[in-house]
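If you want the building blocks of each chain, they are given just below.
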Amino acid sequence: MLTKKILSTAAILMLLACSPQFDWREVRGSDVPFRVLMPAKTASFSREVQLAGLKLNMQMTAADAAGVNFAVGSVRLDEPGKAGIVAEAMKDGMLKNVQGQITKTADSPDGVVEVQGKLPGGEAVTMAARFIIKGPRVYQVIVIGPARQLKQDIIDTYMSSFSTE
C-alpha cells in the first residue's frame, strides 16, 4: 500500500515537472560522440574559433525553449595534451560573454559551474556550464537564460543528461 502511494506521488510529481515549454528529447551528436536531453528542436552548425592560441573547428548543437538557450559545443584537438588549457579558455570566454561571476562550482572535474551575469543589453542572466575532456575532444555544455526563468530543476535535468559515447 505504501509503495503504491509513493509510486503514484512520484508519477504526479513527474507530470507536474513536465512543461509544454520544455519538450525534453534525447539528441545525439551527428559527427560528435555525445547524447543529451534538449527541450526543443535543435540546430547544428560549426565555426572556426580561437582558443588558447589554437585555431579550432567548434561543432555546436543548440536549442531554445521559453527564452532559455541550451548548447553543446565540441572541439577536437590534434594535441590532446592541450585539452586542459582549451577548457579553461572556453570557461574564460563564457565569463567574458556575460560579464559574469562564478557563484557555484562543483567538486568534480566534470562538475557544473554556475554563473550570474548580464547580456550586452543589461538583462540579468544565469548560466550553468560543464567542461568535459574526453580523449582528444573538449566539450562545453551550457544553458543560459533570464535569471528569473532558469530554475535549478532545468539546469539539473539538462546537465545530468549529458554523456559522451
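Residues numbered from 1 in each chain as written. Predicted model: local features only at pLDDT ≥ 70, side-chain atom pairs only at ≥ 80, totals over all residues. Heavy atoms only, no water.

## Regarding the overall build of the protein chain
Logical step 1: Across its full length, the protein chain carries 3 helices and 10 strands.
Logical step 2: When the helices and strands of the protein chain are placed in sequence order, the string is α-β-β-β-β-β-α-β-β-β-β-α-β.
Logical step 3: The buried share among the 165 residues of the protein chain stands at 39%.
Logical step 4: Taking contacts inside the protein chain between residues at least 6 apart in sequence as the whole, the part at least 24 apart equals 44%. (Helix = DSSP H or I, 4+ residues; strand = E, 2+ residues; numbered from the N terminus. Buried < 20%, exposed > 50% of the residue type's maximum accessible area, 1.4 Å probe, protein only. Contact = heavy atoms within 4.5 Å.)

## Notes on the nonpolar core
Logical step 1: Judged by nonpolar contacts, the single largest core of 25 residues is most densely connected at Val-75 and Val-86.
Logical step 2: Put simply, the parts of the chain that give this core at least two residues each are β3 (43–51), β4 (54–65), β5 (68–76), α2 (83–97), β7 (113–118), β8 (124–134) and β9 (137–146).
Logical step 3: Take this core: its biggest share by element is 6 residues, from α2.
Logical step 4: If near-sequence neighbours (up to four positions away) are discounted, Val-75 is found in contact with Leu-51, Leu-56, Asn-57, Met-58, Val-86, Met-90, Pro-136, Arg-137 and Val-138.
Logical step 5: In this structure, Val-32, Ala-65, Val-72 and Ile-154 belong to the second largest nonpolar core, which totals 23 residues. (Core = buried A, V, L, I, M, F, W, Y, C linked by side-chain atoms within 4.5 Å.)

## Re the environment of Glu-165
Logical step 1: With respect to the helices, strands and loops of the structure, Glu-165 is situated in the segment after β10 (163–164).
Logical step 2: For Glu-165, a relative accessible area of 47% gives the class partly exposed.
Logical step 3: Separated by 136 residues in sequence, Glu-165 and Gly-29 place their C-alpha atoms 9.6 Å apart.
Logical step 4: Sequence-distant contacts of Glu-165, defined by excluding residues within four places in its chain, comprise Arg-28, Pro-33, Phe-34 and Arg-35.

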